[in-house]
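# Overview (structure and organization)
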Amino acid sequence: MKCLIIDVVHEAIAQELGKYMEVKVSEKLPPAKDELKAMIGDVDVLIMRVDPMIDKEVLDAAKNLKVIGVCSVGLNHIDTKYAEEKGIKVFNAPGLNGNAVAELTICKMLELSRHTIPAHRDVTVNQKWDKYAFVGRELRGKTLGVLGFGRIGQRVGEIARVFGMKVVAYDPYLPAEIFTKNEATSMSIAQVCEVADFVTIHMPLNDETRNLFNATSIAEMKPDAVVLNMARGGIVNEKDMYEALKAGKIGGYATDVLENEVAGDGLTEDSRFYSPLFDLDNFVVSPHIGAQTVDASRDIGQHIIAKVKEALNL
Ligand code: NAD
């Protein structure tokens, strides 16, 4: 059998699966879709993260494929229905990177509250030592609004409560006892936006959530409230967000995801990787690093190894 690894994943996966099959690691991590199509013909096990898109074309090019092990949570980059039709099992790692994403969310809440990135730059680049330029605000006593109160949302709420924050949440798919157990008040999305000082988004991207956070949601918010998106680009309408930030309608936007993410060096063939958001002071971005901790990578690796072995009776 053959296993193809197309992204940076824990080394234990290649070591363990290597005992049962030939393991090849793609030269380019991750490869573009066409590059993957050219490599996947005789592969039995594909190990990947969130790139590239695994659509019908890729699945049809994979003549021997039996298992796809996805070392992340979201599956919106895979045509899972078509994979199922072809008898290909798809495994992800739900929950195992939740704490990593939750801690990054708190990191960004603190960043937008205390401005340590511009403060650092002011000292090291501008050669200034001006403590009065960076007056922040504390999390204690503020209200956190969580949109999508699943594993990550609940963990963010749990940590936020330690900071002395009140937690309100919107998740129409959860029973009331989940909110009670997590000491959170269940509200509509409009109510959350109205009362929260921080709104953090932790729902999947699908037809229902695409563009869910837009000018209408922003219009409900306090002018100094900030929004955090550690979920998926496309849930937040970036154009509406840009207009609102520029006009001072809200306090800031921190995100780990963009609508058009470009894997690798950020350069597309004919243009620079750019968003007008990049020019704003009250905007903070990171390149989809929510799950990038050694702890999460190790736990996910072990989970995917177990799933692949179980699926292939190894
Ligand atoms: P989860 O399934 O445990 O929780 C998602 C919650 O969203 C569920 O409770 C669900 O009921 C709720 N939801 C679904 N549709 C909704 C809607 N229309 N309105 C409000 N709530 C809705 O998932 P999770 O582990 O908490 O992860 C949440 C999301 O975070 C994932 O879907 C993924 O896209 C994203 N994520 C990002 C990173 C990263 O690196 N930044 C890493 C892991 C996960």
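Structure's up top.
Residues numbered from 1 in each chain as written. Predicted model: local features only at pLDDT ≥ 70, side-chain atom pairs only at ≥ 80, totals over all residues. Heavy atoms only, no water.

## As for a nonpolar patch on the surface
Defined as follows: A residue counts toward a patch only above 30% relative accessible area and without a salt bridge, and it is joined to like-charged neighbours within 9 Å or, for Val, Leu, Ile, Met, Phe, Trp and Tyr, to nonpolar neighbours within 5 Å. Residue-level accessible areas treat just the shown protein chains as cover; the underlying method is Shrake-Rupley with a 1.4 Å probe. In what follows, salt bridge is the name for a side-chain nitrogen of Lys or Arg lying within 4 Å of a carboxyl oxygen of Asp or Glu. Think of it this way: any DSSP run of H or I at least four residues long counts as a helix, any run of E at least two long counts as a strand, and we number them from the N terminus.
Taken together, the side chains of Met1, Tyr20 and Leu314 make up a nonpolar region of the molecular surface, amounting to roughly 250 Å² of accessible area. Secondary-structure assignment places Leu314 in the segment after helix H12 (294–311).

## Description of the sheet that holds strand S1 (residues 2–5)
We apply this condition: For two strands to be treated as a pair, DSSP must find at least two bridges joining them. Working convention: axes come from line fits to C-alpha atoms, limited for helices to the stretch in contact. Angles between N-to-C directions cover 0 to 180 degrees.
Pairing is parallel in the open sheet, where 5 strands are placed in the order S2-S1-S3-S4-S5. With partners counted over all chains shown, the strands left at the sheet margins are strand S2 (22–25) and strand S5 (89–91), one partner each. Averaged over all adjacent pairs, the angle separating strand axes in this sheet is 15°, with direction ignored. Of the strand pairs in this sheet, S1 and S2 are connected by 4 bridges, and their pairing is parallel. What sits directly across from Lys2, in S2, is Glu22.

## Considering the site of the ligand
Applicable threshold: Nearness of a residue to a molecule or strand requires only that one of the residue's heavy atoms be within 4 Å of it. Any pair of nitrogen or oxygen atoms within 3.5 Å is treated as a polar contact; in protein, a donor-acceptor pairing is required on top of that, and neighbouring residues in sequence qualify only through side-chain atoms on both sides. Three classes are used, and their members are as follows: Ala, Val, Leu, Ile, Met, Phe, Trp, Tyr, Cys and Pro are nonpolar, Asp, Glu, Lys and Arg are charged, and the others, Gly among them, are polar.
In the region of the ligand, 25 residues are neighbours, and Arg151, Ile152, Asp171, Met230 and Asp256 sit closest. Within the side chain of Arg232, one N or O atom sits 3.4 Å away from an oxygen atom of the ligand. Between the ligand and Ala291 there is a distance of 3.5 Å, counted from an oxygen atom to a backbone nitrogen or oxygen. Counted by class, the shell around the ligand contains 13 nonpolar, 7 polar and 5 charged residues.

## Observations regarding helix H7 (residues 151–162)
Cut-off, in case you're wondering: Multiplying one less than the number of residues by 1.5 Å gives the expected span of a helix. Exposure is judged per residue with a 1.4 Å probe applied to protein chains only, and the accessible area is read against the type maximum: over 50% gives exposed, under 20% gives buried, and values in between give partly exposed. In this analysis, two residues are considered to be in contact whenever any of their non-hydrogen atoms come within 4.5 Å of each other.
Helix length check: H7 (12 residues) gives 17 Å between terminal C-alpha atoms against 16 Å at 1.5 Å per residue, within 8%. Among the residues of H7, Gly153, Gln154, Val156, Gly157, Ile159 and Ala160 are the ones counted as buried. The elements touched by buried residues of H7 are helix H5 (98–114), strand S6 (143–147), strand S7 (166–170), helix H8 (176–181) and strand S9 (198–201). Just downstream of H7 lies Gly164, where phi reads positive at about 90°.

## Notes on the side chain of Asp122
Our working definition: Charge assignment: positive for Lys and Arg, negative for Asp and Glu; neither His nor the chain ends contribute.
Residue position: Asp122 is located in helix H6 (residues 116–124). Buried within the structure, Asp122 lacks any salt-bridge partner; Lys128 is the closest side chain of opposite charge, at an N-O distance of 4.4 Å. Excluding its chain neighbours within four sequence positions, the residues that come into contact with Asp122 are Gln127, Lys128, Asp130 and Phe134.

## Thoughts on the packing of aromatic side chains
Here the distance between the centres and the angle between the planes together describe a pair of aromatic rings. What counts here: Working definition: rings of Phe, Tyr and Trp (its six-membered ring) pair if their centres are within 6.5 Å, and the pair is stacked with planes under 30 degrees apart, edge-to-face with planes over 60 apart, and tilted otherwise. By the criterion adopted, a ring carries a charge over it if an Arg CZ or a Lys NZ lies within 6 Å of its centre and within 35 degrees of its normal.
For the structure shown, the criterion picks out 3 aromatic pairs. Aromatic side chains Phe278 and Phe283 sit 6.3 Å apart centroid to centroid with 20° between the ring planes, which places their arrangement in the stacked category. Through a chain of ring-to-ring contacts, three or more aromatic side chains come together here, namely Tyr253, Phe278 and Phe283. Just above the ring of Tyr82 sits the side chain of Lys56; from NZ or CZ to the centre is 5.2 Å.

## Details of the layout of surface pockets
Rules: The method works on a 1 Å grid over the protein atoms by themselves. A cavity is a set of points holding a 1.4 Å probe that cannot get out, a pocket is an open set with protein on both sides within 12 Å along at least five of seven lines, and residues with an atom within 4 Å of a point line them. Grid points are joined across faces, edges and corners, and a volume is the space filled by probe spheres set on the points.
The volume enclosed by the second largest pocket comes to roughly 410 Å³. If you go around the second largest pocket, you meet 19 residues; those closest to its centre are Leu112, His115, Asp281, Asn282 and Phe283. Among the elements of the structure, H5, H6 and strand S12 (283–285) are those that each provide at least two residues to the lining of the second largest pocket. In terms of residue class, the lining of the second largest pocket is built from 8 nonpolar, 6 polar and 5 charged.

## Focus on the pattern of salt bridges
By the definition in use, this model includes 16 salt bridges. Salt-bridge contacts for Arg140 lead to Glu138; the nearest nitrogen and oxygen are separated by 2.9 Å. Judged by relative accessible area, Arg140 falls into the exposed class, the value being 58%. Glu138 gets classed as partly exposed once you look at its relative accessible area, which sits at 43%. The network of salt bridges with shared partners includes Lys33, Lys37, Asp55 and Glu57.

## Some words on the pairing of S6
Put simply, the rule is: We call a crossover right-handed when, viewed with the strands running away from us, the connection from the first strand over the helix to the second turns clockwise.
Among the 5 residues in S6, 5 count as buried, and that is most of the element. Sheet topology note: the S6/S7 ladder contains 5 bridges and is parallel. Residue Leu144 lies in a different strand from S7, and its bridge partner there is Val167. Taking the sense of rotation as the criterion, the β-α-β connection linking S6, H7 and S7 turns out right-handed.

The analysis is restricted to geometry; functional conclusions fall outside its scope.
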